[in-house]
Amino acid sequence: DHIHFQYNGLLIGLLLWSTHLMQQGSDWAAGALFALLLCMKHLFLFCAPLYFVHILRHWCAGSGNRWQACVRFVLMGATVAAIVGMAVGPFVYMGQAGQLLSRLFPFGRGLTHAYWAANSWALYCGADRLLAAVLPQLASHPTARAAGTVDPASGIVGIAHLRILPMVPPWVCALLVLA
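Below you will find a few notes about this structure.

Calculation rules
Residues numbered from 1 in each chain as written. Predicted model: local features only at pLDDT ≥ 70, side-chain atom pairs only at ≥ 80, totals over all residues. Heavy atoms only, no water. Phe/Tyr/Trp six-rings, centres within 6.5 Å; stacked < 30°, edge-to-face > 60°. Helix = DSSP H or I, 4+ residues; strand = E, 2+ residues; numbered from the N terminus. Buried < 20%, exposed > 50% of the residue type's maximum accessible area, 1.4 Å probe, protein only. Axes fitted to C-alpha atoms, helices over the stretch in contact; angles between N-to-C directions. Parallel < 35°, antiparallel > 145°, perpendicular 65-115°, else oblique. Left-handed = near helix turned anticlockwise from the far one by under 90°. Contact = heavy atoms within 4.5 Å. Nonpolar A, V, L, I, M, F, W, Y, C, P; charged D, E, K, R; others polar.

### Things to note about the packing of aromatic side chains
The full count for this structure, using the stated rule, is 2 aromatic pairs. Measuring from centroid to centroid gives 3.9 Å for Phe34 and Tyr51, while their planes differ by 10 degrees, and the two rings are stacked. Taken together, the residues span a long stretch of sequence, with Phe34 in helix 2 (residues 27-40) and Tyr51 in helix 3 (residues 48-60) at a distance of 17 residues. Here Phe34 falls in the buried class, since its relative accessible area comes to 6%. Among the residues examined, Tyr51 registers a relative accessible area of 6% and is labelled buried.

Listed below in structure tokens is the structure:
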């Protein structure tokens, strides 16, 4: 577990370095470093719109010349595409892009990821557990679960199985995350 925290510390360091580069006016280097950071841990994706707007406004449009702004935009796009291409390219080449996406964004597990998260999905799973206790005749028998599914409160990572309330399909989870 220590290596996990050390890795996250390294990633926070890269994020801080990238923001420092932006403060120093090195927006191209900041964008490249952020693209590398995203390839190392996709959870920093929430910062991407901020980086995009900052780099577009300060580095591209801030040049004052429309032609130079377009060249800088293409240069940044090519840099990011090259970095992401080096990281993701082998998976695409081997026909594993779908597998990679399903592991990076496991919406099939629901938004609780099979443990209690402090959000509305935890309340939804808690309500299902309460209803199953109060109305046991409506709850499916624990042995009737599909193979590979787990109880949402078990602490085991897997596809959560609710007993009474309807399952939330992966595409709904994805829409709610993006909304």
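Moving on, there is more to tell.
### Looking at the packing of helix 2 against helix 4 (residues 66-93)
Viewed as axis vectors pointing N to C, helix 2 and helix 4 meet at an angle of 25 degrees, and their least axial separation amounts to 9 Å. Here helix 4 runs roughly parallel to helix 2, going by the angle between their axes. You can see that helix 2 and helix 4 cross each other, and the crossing is right-handed. Contacts between helix 2 and helix 4 involve Asp27, Trp28, Gly31, Ala32, Ala35, Leu36 and Cys39 on the former and, on the latter, Leu75, Met76, Thr79, Val80, Ile83, Val84 and Ala87. For the contact of helix 2 with helix 4, the residue count by class is 11 nonpolar, 2 polar and 1 charged.

None of the figures reported here should be taken as evidence of function without further support.
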